[in-house]
Amino acid sequence: MDLVSIIGTILAFVVIIVGTILKGSTVGALWNPAAFVIVFAGTAAALLVQNQGKVLKQAFKMLSMVYRPPRHQPGDLISRIVGWSEISRRQGLLGLEPQIEAEPDPFVSKGLQLLVDGGEPEAIRSVLEVDLETREAIDLAGAKVYEMAGIYSPTLGIIGAVMGLMAVMQNLADPSKLGHGIAAAFVATIYGVALANLFMLPMAARLKGLISKQTQMREILIEGLVSIAQGDNPRQIEARLQGYVA
């Protein structure tokens, strides 16, 4: 679990609640069923119109990455690649077959299989780069769902506020209802802006950062496997791959 992300999510709720109280209002004033439906259901409707089902499914699947991000350790990966290079120099490429079966990452196992099968270096690079670009495009599409939710929700909050004010205008003859009606109208704006700026947009940015790190890891892997296929010295491979690590 990523403790920082959990703290950030909790703090977002605390900021809204405490800020409301400090402004002299009550927590109950934040709840408005009509505003909730307009903002949350409206945002969901917009996302359904924009995206295919498989993209939305990928977005939901990626949500867990915010709180359980994959471990990206370039140093560990480089050490493993150097180890594979040493095995290939001592035992030949077929000596890497046990590594394929023990590898949980399909991308890594595919690359090792191409290497063991005696693929040409550029052929290995070409096949893996296609996989890399496809995976990155799918993941970025999933992250964009949250980014677009952060764009739609404030607008829907404004729509909710306008609709609330329309209801207030219909009760101008009863001054006792004006204050409560106006306050309720702006709850939708709070929902929309808070959803976008405290949740959706930060989550989209976090996912994009994780995708970028994942892409970097796979680029290191591709370069390492190609170097092994070329028969480069393990020390040379290590020195080359260290250039990917800031």
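Residues numbered from 1 in each chain as written. Predicted model: local features only at pLDDT ≥ 70, side-chain atom pairs only at ≥ 80, totals over all residues. Heavy atoms only, no water.

(A) Spotlight on the pattern of salt bridges. Inspection of every chain in the model, using the stated rule, returns nine salt bridges. The residue E86 makes a salt bridge to R235 at a minimum N-O spacing of 3.6 Å. Linking E86 in helix α4 (residues 74–91) with R235 in helix α9 (residues 234–241), this pair joins segments that are 149 residues apart in sequence. Using a relative accessible area of 29% as the deciding quantity, one classes E86 as partly exposed. Residue classification places R235 among the partly exposed positions, given a relative accessible area of 46%. (Salt bridge = Lys/Arg side-chain N within 4 Å of Asp/Glu carboxyl O. Helix = DSSP H or I, 4+ residues; strand = E, 2+ residues; numbered from the N terminus. Buried < 20%, exposed > 50% of the residue type's maximum accessible area, 1.4 Å probe, protein only.)

(B) Up close: the UniProt feature "domain: Motility protein A N-terminal" (unreviewed entry) in the protein. Within this numbering scheme, the UniProt entry marks residues 6–78 as carrying the feature "domain: Motility protein A N-terminal" (unreviewed entry). The span residues 6–78 is 75% helical and 0% strand by assignment, and the distance between its end C-alpha atoms comes to 31 Å. (UniProt positions renumbered as here; feature names shortened; annotations may be inferred.)

(C) Structural view of the packing of aromatic side chains. Enumeration according to the criterion identifies five aromatic pairs in this entry. Look at F36 and Y191: their rings are 6.4 Å apart centre to centre, the planes differ by 85 degrees, and that puts the pair in the edge-to-face class. One end of the pair, F36, is in helix α2 (residues 33–50); the other, Y191, is in helix α8 (residues 178–229), and 155 residues separate them in sequence. Classification of Y191 as buried rests on a relative accessible area of 13%. Each ring, one from F40 and one from Y191, has its centre 6.0 Å from the other, and the planes form 65 degrees; the classification is edge-to-face. (Phe/Tyr/Trp six-rings, centres within 6.5 Å; stacked < 30°, edge-to-face > 60°.)

(D) Representation of the side chain of N32. Along the chain, the position of N32 falls in the loop between α1 (3–22) and α2. In terms of polar contacts, N32 uses its side chain to reach the backbone amide nitrogen of A35, at 2.9 Å. Leave out the neighbours within four places in its chain, and N32 touches A184, V187 and Y191. (Polar contact = N/O pair within 3.5 Å; in protein donor to acceptor, adjacent residues only side chain to side chain. Contact = heavy atoms within 4.5 Å.)

(E) Fine view of the domain arrangement of the protein. Split into domains, the protein comes out as domain 1 (1–30) and domain 2 (32–243). One C-alpha centre belongs to domain 1, the other to domain 2, and the line joining them spans 26 Å. Contacts between domain 1 and domain 2 engage ten residues on the former and twelve residues on the latter. Where domain 1 touches domain 2, the interface holds zero salt bridges. Across the contact surface, domain 1 and domain 2 share four residue pairs in polar contact (both at pLDDT 80 or more). (Domains from an automatic or database assignment.)

(F) Geometry of α4. With 18 residues, α4 extends 25 Å between its outermost C-alpha atoms, agreeing within 8% with the 26 Å of an ideal straight helix rising 1.5 Å per residue. Among all positions in α4, only P74, L77, I78, I81, V82, W84, S85, I87 and S88 are buried. Immediately downstream of α4, the backbone of G92 shows phi near 85 degrees, a positive value. (Expected span 1.5 Å × (residues − 1).)

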